[in-house]
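Chain residues, written in single-letter form:
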Amino acid sequence: MTQEDPKTRYDALYEEYQDVMHKGAWRLGWSFFFVMVGLLPMMYIFVWIAGPSTWEHTFFHAPKIMWLAAPLNLGIVLVLGSRLWRRNLELDATKRDYLARLRVLKAQIPSEPAPGQNQVSEGDWDAFQDDSLN
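Residues numbered from 1 in each chain as written. Predicted model: local features only at pLDDT ≥ 70, side-chain atom pairs only at ≥ 80, totals over all residues. Heavy atoms only, no water.

### What about the environment of L84?
Quick note on the threshold: The numbering of helices and of strands both runs from the N terminus, where a helix is a DSSP run of H or I of at least 4 residues and a strand a run of E of at least 2. Any pair of residues with heavy atoms lying within 4.5 Å of one another is described as a contacting pair.
The residue L84 is located in helix α2 (residues 64-108) in this model. Distance in space between the C-alpha atoms of L84 and S31 is 7.3 Å, their sequence separation being 53 residues. Residues within four places of L84 in sequence aside, it is in contact with L28, S31, F32 and V35.

Structure follows, in structure tokens:
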């Protein structure tokens, strides 16, 4: 094994981790978007079925189709929301797995040697004055 081998494996795994997390986050984001936006056409379909004039009545005079549509919509939202939650948990488990593997590989990488004494001092910035009048 060479000295660069753990570093190369770490860099490759880190790049794979970033790619997997990027794709997973976008997949979750688009799924959430389509769940929320997908509810709008369903609402309009029920409005069309019930008829626009029935919306002028009060809540207690709502048509029977709307009493069926509300629990149906709620059920669909809960099912799709639970699927999103499950996907989020799967992505989190994948993230934890990658981070554990990365932590093991990082421990195998030899640490950088301490820097030499040839460092340039930055000076005392508090004592710096740019005022030419003094």
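### Here we look at a nonpolar patch on the surface
Selection criterion: In this analysis, a patch consists of residues with relative accessible area above 30% that form no salt bridge, clustered at 9 Å for like charges and at 5 Å for the nonpolar side chains Val, Leu, Ile, Met, Phe, Trp and Tyr. Reported accessibility uses the Shrake-Rupley method at a 1.4 Å probe radius. Residues are deemed covered only where the shown protein chains occlude them. Basic side-chain nitrogens of Lys or Arg form a salt bridge, by our definition, when they fall within 4 Å of a carboxyl oxygen of Asp or Glu.
Together, W26, W30, F32, F33, F34, M36, V37, L40, M43 and Y44 make up an exposed nonpolar region whose accessible area comes to about 1100 Å². Note on placement: F32 falls in helix α1 (residues 5-50).

### With respect to the side chain of S31
Examined against the element boundaries, S31 turns out to sit in helix α1. Contacts of S31, omitting those with residues within four sequence positions, involve L84 and R87.

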